[in-house]
Amino acid sequence: MEAPHRGGMLSRKMDEDAARYTSSSAFDKEIFEATVYVNAAHIKALEKLGVIKHEESAEALKVLRSLLRDRPEIPQTAEDIHIFIESLVSKAVPAVGEMLALGKSRNDAVVAAVKLEAKRRIYALMKRIFEAVEELLNRSMIERDTLFPVYTHLQKAAPATFGFVLQSYGVRLLRSVLALNAALDACEECPLGSAAVAGTSIPIDRRYIAETLGFKKISVNALEATASRDFLIGLLSALLQTCIVLSSFAEEMVLYSSEEFGVLSMPEEFSATSSIMPQKRNPVVAEIMRTKTAELLGLLTSVTLILTRQPSGYNLDLQQTTPKLWKAVEEVDESIKLLTKIVKSVEVVRTKALEACGPPTAAVEVANTLSMEKGVGFRTAHQIAAKISKSLASKTLDQERLNEIFREHGLEPLKIEEVLSMMDPVKAVSRYVVDGSANPVKVAEANLLLLSEVRSYKNDIQLRSKDLSDVLERLLG
Ligand code: ARG
């Protein structure tokens, strides 16, 4: 493709391999629409400035509208989408094509397009995460009484409920949306008008352009605005945070659905089997989900290293950063979609889960009861409960052994039934009194609060996303 800007300084065409090697055409399709909008806003600003006539501007906007409709392929030998669009506008409305780069560089245009597109995609992803959070909390509500063990050091630690476990993931995912939202702030600064590096002598109305494209403010420093990609680190880090949550969830699904734990059953729709071992039921979706953190970290690492030791103005290295963001958003989006489906359909194997919660899993309740009701010091009570647990594990606990244990500490023995009842998982869970505990009543209360929080965040994002599409619709609808 003939580049409109090349003939002056460089008289020979670029080597074809070199052109392909340095071109961003292959991935600029990701910012196709956003770049069209950026050009539309600039054309309107040029018209406002009196540089192009109203009829010319209207003609050029018509061309841009047709690009949104037809989505022509960007030739691989074009340097990038910016040059491609300029050449198309030049062909159709030469008076506008001739002026399209006045006061605008690819350096400010590309960041504007990336930020605009990032907002659109992150809004869509946030909506998806909200759905997942709602699913987690709704299922948590349903399973608030379903006994389920919780672990520390991957050792059975206490009886809880499946609803309590699901809620913990809901809370974590909700936090990751807040991190994404905070990272989006940096995408609200419109760089247009910064031109290539130091601003421009063309008195372009930066605020007007920003508003036309739905940005909240204009960037402060042209050098920073054109060449900083720090906002990508913020977004990718927040996406990584989301992935870490997904990864823990997936790991738990893999573990708990294994025969050894056996407390969950992964639905067939999300399992595969072995091509040789007929007995296998493999939790393949969760396995892939678990590993996405590694892939995300790879993308973040890649962007980090591209940005490291960059001198301050634009360098073409920066071009290589943004495809990583689109890839990351896509990966998280797909994973979240599957998480939502799994949350909806995974089944608790109640007998196994109940068994795992049985004595001595609630051994701390023996110690707590001895302390609170029998006036025993907690350290002593803890030792008694430990001895009882050990004896239970070796299946040697009877009234005689219990009497010995209590007498070793100079205490009057309790009845074995009374001690076992302190470890009854249903009673133990209902005895939890503090807010944030696994007590079904507390879980339900917290779920209601969380659900209303989610609704209000969701509302806010829906409004912002609608505002943005309205603004763009007004620009080129
Ligand atoms: N394709 C480039 C990118 O994605 C656009 C900016 C190129 N600027 C330049 N001066 N060559 O970053």
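Cut-off values and rules
Residues numbered from 1 in each chain as written. Predicted model: local features only at pLDDT ≥ 70, side-chain atom pairs only at ≥ 80, totals over all residues. Heavy atoms only, no water. Helix = DSSP H or I, 4+ residues; strand = E, 2+ residues; numbered from the N terminus. Rg over C-alpha atoms; globule rule 2.2 N^0.38 Å. Buried < 20%, exposed > 50% of the residue type's maximum accessible area, 1.4 Å probe, protein only. Contact = heavy atoms within 4.5 Å. Areas by Shrake-Rupley, 256 points an atom, 1.4 Å probe, with all protein chains shown as cover. Axes fitted to C-alpha atoms, helices over the stretch in contact; angles between N-to-C directions. Left-handed = near helix turned anticlockwise from the far one by under 90°. Phe/Tyr/Trp six-rings, centres within 6.5 Å; stacked < 30°, edge-to-face > 60°. Pairing = 2+ DSSP bridges. 1 Å grid on protein atoms, 1.4 Å probe; cavity = no way out; pocket = protein on both sides within 12 Å on 5 of 7 lines; lining within 4 Å. Points joined across faces, edges and corners; volume = space filled by probe spheres on them. Nonpolar A, V, L, I, M, F, W, Y, C, P; charged D, E, K, R; others polar. Parallel < 35°, antiparallel > 145°, perpendicular 65-115°, else oblique. Disulfide = S-S within 2.5 Å. Expected span 1.5 Å × (residues − 1). Polar contact = N/O pair within 3.5 Å; in protein donor to acceptor, adjacent residues only side chain to side chain. Near = heavy atom within 4 Å. Sits in = over half its atoms within 2 Å of the grid points.

Draft legend 1. Expanded view of the overall build of the protein chain. Each helix and strand counted, the protein chain has 20 helices and six strands in total. For the protein chain, the C-alpha radius of gyration of 30 Å lies well beyond 23 Å, the compact-globule estimate for 477 residues. Burial statistics for the protein chain: of 477 residues in total, 50% are counted as buried. Sequence separation of 24 or more characterises 75% of the internal contacts of the protein chain that already satisfy a separation of 6 or more. As presented, the protein chain carries roughly 23100 Å² of accessible surface, and 54% of it is formed by carbon and sulfur atoms.

Draft legend 2. Geometry of the packing of helix H15 (residues 363-374) against helix H16 (residues 378-393). It is at 8 Å that the axes of H15 and H16 come closest, and there the two elements cross at 145 degrees. The interaxial crossing formed by H15 with H16 has right-handed handedness. Across the interface between the two elements, Ala-363, Val-364, Val-366, Ala-367, Asn-368, Leu-370 and Ser-371 from H15 touch Phe-378, Ala-381, His-382, Ile-384, Ala-385, Ile-388 and Ser-389 from H16.

Draft legend 3. Structural context of the environment of Val-96. The residue Val-96 is located in helix H6 (residues 94-97) in this model. A sequence separation of 77 residues divides Val-96 from Leu-173, and the C-alpha atoms of the two residues are 47 Å apart. Apart from residues lying up to four places away in sequence, Val-96 is in contact with Ile-43, Ile-52, Glu-56, Ser-57, Ala-60 and Val-89.

Draft legend 4. Structural view of the packing of aromatic side chains. Enumeration according to the criterion identifies six aromatic pairs in this entry. Their ring planes at 50 degrees and their centres at 5.5 Å tell us that Tyr-256 and Phe-261 sit as a pair that is tilted. Comparing Tyr-256 with Phe-261 shows no difference in burial state: the two are buried. Three or more aromatic residues link up through ring pairs in this structure, and these residues are Phe-148, Tyr-151, Phe-162, Tyr-256 and Phe-261.

Draft legend 5. Quick peek at the environment of Val-150. Residue position: Val-150 is located in strand E1 (residues 147-152). Here the alpha-carbon distance between Val-150 and Ala-438, two residues 288 residues apart in the chain, equals 9.9 Å. Residues contacting Val-150, with those up to four places away along its chain left out, are Gln-155, Lys-156, Ala-157, Ala-158, Ala-160, Phe-164 and Val-165.

Draft legend 6. View of the pairing of strand E2 (residues 155-161). As defined by bridge partners, E1 adjoins E2 across six bridges and the pair is classed as antiparallel. Across the sheet, residue Phe-148 finds its bridge partner in E2, namely Ala-160. Hairpin connection from E1 to E2: two residues lie between these consecutive antiparallel strands, with His-153 at a positive phi of about 55 degrees.

Draft legend 7. Structural context of the layout of surface pockets. Each pocket or cavity is described by its volume, and for the largest pocket that value is around 310 Å³. Considering the residues around the largest pocket, the lining is formed by 21 residues, among which Ser-24, Asp-80, Tyr-314, Leu-316 and Gln-319 are closest to the centre. Contributing elements (two or more residues each) for the lining of the largest pocket: helix H1 (16-22), helix H2 (25-28) and helix H7 (106-142). Its residues assigned to classes, the lining of the largest pocket shows nine nonpolar, seven polar and five charged.

Draft legend 8. A look at the packing of helix H8 (residues 162-184) against helix H11 (residues 230-256). Contact pair H8 / H11: the axes reach a minimum separation of 7 Å and the direction vectors enclose 170 degrees. Comparing their axes, H11 and H8 come out roughly antiparallel. Touching Val-165, Leu-166, Tyr-169, Arg-172, Leu-173, Arg-175, Ser-176, Ala-179, Leu-180, Ala-183 and Leu-184 of H8 are Gly-234, Leu-235, Ala-238, Leu-239, Gln-241, Thr-242, Ile-244, Val-245, Ser-248, Phe-249 and Glu-252, all from H11.

Draft legend 9. Structural context of the side chain of Thr-161. One can find Thr-161 in strand E2. Owing to a relative accessible area of 1%, Thr-161 belongs among the buried residues under this scheme. When sequence neighbours within four positions are dropped, the list of residues in contact with Thr-161 reads Glu-143, Arg-144, Asp-145, Thr-146, Leu-147, Phe-148, Val-429 and Ala-438.

Draft legend 10. Representation of the state of the cysteines in the model. The final tally for this structure, using the stated rule, is zero disulfides. Cys-190 supplies the cysteine sulfur nearest to Cys-187, a cysteine that is in no disulfide, at a spacing of 12 Å.

Draft legend 11. Local environment of helix H5 (residues 81-92). Helix length check: H5 (12 residues) gives 17 Å between terminal C-alpha atoms against 16 Å at 1.5 Å per residue, within 8%. When you tally the buried positions in H5, you get nine out of 12 residues, the bulk of the element. By the burial criterion, the buried members of H5 are Ile-81, His-82, Ile-83, Phe-84, Ile-85, Glu-86, Ser-87, Leu-88 and Val-89. Here the buried face of H5 lies against H2, helix H3 (32-49), helix H4 (54-70), H6 and H7. Looking at where H5 begins, the residue whose side-chain oxygen comes 3.1 Å from the main-chain nitrogen of His-82 is Asp-80.

Draft legend 12. View of the site of the ligand. Ser-24, Asp-80, His-82, Arg-106, Asn-107, Val-110, Tyr-314 and Gln-319 make up every residue found near the ligand. At 2.8 Å from a nitrogen atom of the ligand is found a side-chain nitrogen or oxygen belonging to Gln-319. Protein coverage of the free-state accessible area of the ligand, which is 340 Å², stands at 84%. Here the ligand is seated within the largest pocket. Considering every element that reaches the shell around the ligand, the biggest residue donor is H7, with three residues. Taken together, the residues that form the shell around the ligand break down as two nonpolar, four polar and two charged.

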